[in-house]
Amino acid sequence: AAKESGKASWQRFLPEMRQDVMNHARLGSELHNAIIRNELFLLYQPVFDIVTGRLHGAEALVRWQHPVRGFVSPGDFIPVAERSGLIVPLGSWVLRAACEQLARWQAEHGDGAIRAVNVNVAVRQLREPGFVDEVAAVLSETGLLPRNLVLEVTESSVLDGRQVRETLHALHEMGVRLALDDFGTGQSSLSLLRAFPVDVLKLDKSFVDGIADGEDRGRLAVAAAVAQLAEYLQLSAVAEGIESEAQLDRLRAMGYRLGQGFYMAKPLRADEAGLLMAVGPVHAR
Ligand code: C2E
Ligand code: MG
Ligand code: MG
Ligand code: MG
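None of these values were measured; they are calculated from a predicted model.

1. Structural notes on the coordination of the magnesium ion (ligand 2)
For step 1, the next point in the chain: Within the protein, Glu59 (OE), Asn120 (OD1), Glu152 (OE) and Asp181 (OD) serve as the donor atoms for the magnesium ion (ligand 2), at 2.0 to 2.2 Å.
For step 2, the next point in the chain: Donor residues for the magnesium ion (ligand 2) sit on one chain with the sequence pattern E-x60-N-x31-E-x28-D.
For step 3, the next point in the chain: The metal-metal distance between the magnesium ion (ligand 2) and the magnesium ion (ligand 3) is 3.6 Å, with Asp181 coordinating both. One end of the pair, Asn120, is in strand β4 (residues 117–120); the other, Glu152, is in strand β5 (residues 149–154), and 32 residues separate them in sequence.

2. Digging into the packing of helix α9 (residues 205–212) against helix α10 (residues 217–233)
For step 1, the next point in the chain: Their axes nearest at 8 Å, the elements α9 and α10 cross at an angle of 125 degrees. On the basis of their axis angle, the class for α9 and α10 is oblique. You can see that α9 and α10 cross each other, and the crossing is left-handed. Of the residues in α10, those in contact with Ser206, Phe207, Asp209, Gly210 and Ile211 of α9 are Arg219, Leu220, Val222 and Ala223.
For step 2, the next point in the chain: The residue makeup of the contact of α9 with α10, split by class, is five nonpolar, two polar and two charged.

3. Some points on the coordination of the magnesium ion (ligand 3)
For step 1, the next point in the chain: Only Asp181 (OD), Asp182 (OD), Glu240 (OE) and Glu240 (OE) from the protein coordinate the magnesium ion (ligand 3), and they sit 2.0 to 2.6 Å from it.
For step 2, the next point in the chain: For Asp181, a relative accessible area of 8% puts it in the buried group.
For step 3, the next point in the chain: Under the relative-accessibility criterion, Asp182 is labelled partly exposed at 26%.

4. A few points about the nonpolar core
For step 1, the next point in the chain: Leu149, Leu151, Leu201, Leu251 and Tyr256 are the most contacted members of the largest nonpolar core, which totals 80 residues.
For step 2, the next point in the chain: Element by element, the count of residues in this core is highest for helix α3 (residues 87–109), at 11 residues.
For step 3, the next point in the chain: Residue contacts for Tyr256: discarding those within four places in its chain leaves Ile50, Val51, Leu203, Ala223, Val226, Ala227, Ala237, Val238, Ala239 and Leu251.
For step 4, the next point in the chain: If you look at the next biggest cluster of nonpolar residues, it comprises seven residues, including Ala116, Ala179, Val238 and Leu258.

5. What about the site of ligand 1?
For step 1, the next point in the chain: Inspection of the region around ligand 1 gives 21 residues, with Arg63, Asn120, Asp181, Glu243 and Phe262 positioned closest.
For step 2, the next point in the chain: Between Glu243 and ligand 1, the recorded distance is 2.5 Å, taken from a side-chain N or O atom to a nitrogen atom.
For step 3, the next point in the chain: About the coverage of ligand 1: the protein hides 80% of its 800 Å² of free accessible area.
For step 4, the next point in the chain: Listing elements by their share of the shell around ligand 1, those giving two or more residues are β2 (55–66), α2 (74–84), α3 and β6 (177–183).
For step 5, the next point in the chain: Sorting elements by how many residues they give to the shell around ligand 1 places β2 first, with four residues.
For step 6, the next point in the chain: Looking at the shell around ligand 1 residue by residue, the class counts come to 10 nonpolar, four polar and seven charged.

6. Notes on the pattern of salt bridges
For step 1, the next point in the chain: The final tally for this structure, using the stated rule, is 14 salt bridges.
For step 2, the next point in the chain: Linking Lys202 and Glu152 is a salt bridge whose minimum nitrogen-to-oxygen distance equals 2.7 Å. A residue pair is termed long-range when its members are at least 10 positions apart, and Lys202 in strand β7 (residues 200–203) and Glu152 in strand β5 qualify at 50 residues. There is no split in this pair, since Lys202 and Glu152 are both buried.
For step 3, the next point in the chain: A salt bridge links Lys205 to Glu243; its shortest N-O distance comes to 3.6 Å. Of the two residues, Lys205 is situated in helix α9 and Glu243 in the loop between β8 (236–240) and α11 (245–254); the sequence distance between them amounts to 38 residues.
For step 4, the next point in the chain: With relative accessibility at 43%, the residue Glu243 sits in the partly exposed group.
For step 5, the next point in the chain: Here the salt bridges do not stand alone but share partners, grouping Glu59, Glu152, Lys202 and Glu240 into one network.

Quick notes on the rules
- Residues numbered from 1 in each chain as written.
- Chains lettered and ligands numbered in written order.
- Predicted model: local features only at pLDDT ≥ 70, side-chain atom pairs only at ≥ 80, totals over all residues.
- Heavy atoms only, no water.
- Donors = N, O, S within 2.8 Å, 3.2 Å for Na, K, Ca; no water.
- Helix = DSSP H or I, 4+ residues; strand = E, 2+ residues; numbered from the N terminus.
- Axes fitted to C-alpha atoms, helices over the stretch in contact; angles between N-to-C directions.
- Parallel < 35°, antiparallel > 145°, perpendicular 65-115°, else oblique.
- Left-handed = near helix turned anticlockwise from the far one by under 90°.
- Contact = heavy atoms within 4.5 Å.
- Nonpolar A, V, L, I, M, F, W, Y, C, P; charged D, E, K, R; others polar.
- Buried < 20%, exposed > 50% of the residue type's maximum accessible area, 1.4 Å probe, protein only.
- Core = buried A, V, L, I, M, F, W, Y, C linked by side-chain atoms within 4.5 Å.
- Near = heavy atom within 4 Å.
- Polar contact = N/O pair within 3.5 Å; in protein donor to acceptor, adjacent residues only side chain to side chain.
- Areas by Shrake-Rupley, 256 points an atom, 1.4 Å probe, with all protein chains shown as cover.
- Salt bridge = Lys/Arg side-chain N within 4 Å of Asp/Glu carboxyl O.

So, in structure tokens, the structure goes:
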């Protein structure tokens, strides 16, 4: 809020800041009840093979429908949940709900169902000593295979420390796949990619935006370099936040095989995503 107020005087800034702190405190305590009161739900944004146009997978994205506030954006409550530690139970709920949904899609659509669901995981979850066991338990209880799950982590998670790195290695050993989310925006060095068991690079939306802006050589260069890097390291690359046909064409030409964005599909309710699967097998076998 302070940033938007331009030449904000302290007289204006301070009350605003206190308001922010109070809102966060209240939001935090309300979030605490949100899980119990069934106010959270998941949407699924399809990921497409942008060469064949086939549905490839889906990313689970949490939503909060507050009885009074109405819709609260994850951009607002996820940071609050991360700071308070509530992200741990919230993240557990998301993991289980997404796996249960994939199991339901598999039962309903068989070969038409997507092969894996992507779940965002915060560093606080990865620091929990029981996280690997929790993932194993959710997979076995839902009847999914480890390869049916892609965990999206950020570059900063990978840099968090030895314990988190060991957790990521253990998950990878188990067969769960790991995606580096918002790739290109963080601090990671290329050598880190070799030391860390990553399977998927997700090019951040900001670089995809740069393609629409035409002559932004810097962001174009990053988008192209990430595609090449993925190819050399034999990782898959996903471009996120595709909003136009021009971006899609350009990304395809750069070598991206997978993409997600409002141009193809917004995050969908589970039943809507299921309709895409009812059309038939999503992968050439
Ligand atoms: P993210 O993981 O990078 O997710 C992609 C975000 O970009 C989603 O926003 C998605 O709706 C949005 N998006 C996708 N395509 C487009 C597009 O073409 N245009 C635009 N303008 N936006 C697009 P969303 O759902 O609001 O989530 C924002 C962030 O909140 C996520 O970024 C992720 O960091 C976090 N988040 C969401 N769900 C979860 C969750 O279950 N757990 C955790 N830890 N974080 C979550
Ligand atoms: Mg993500
Ligand atoms: Mg992302
Ligand atoms: Mg992003």
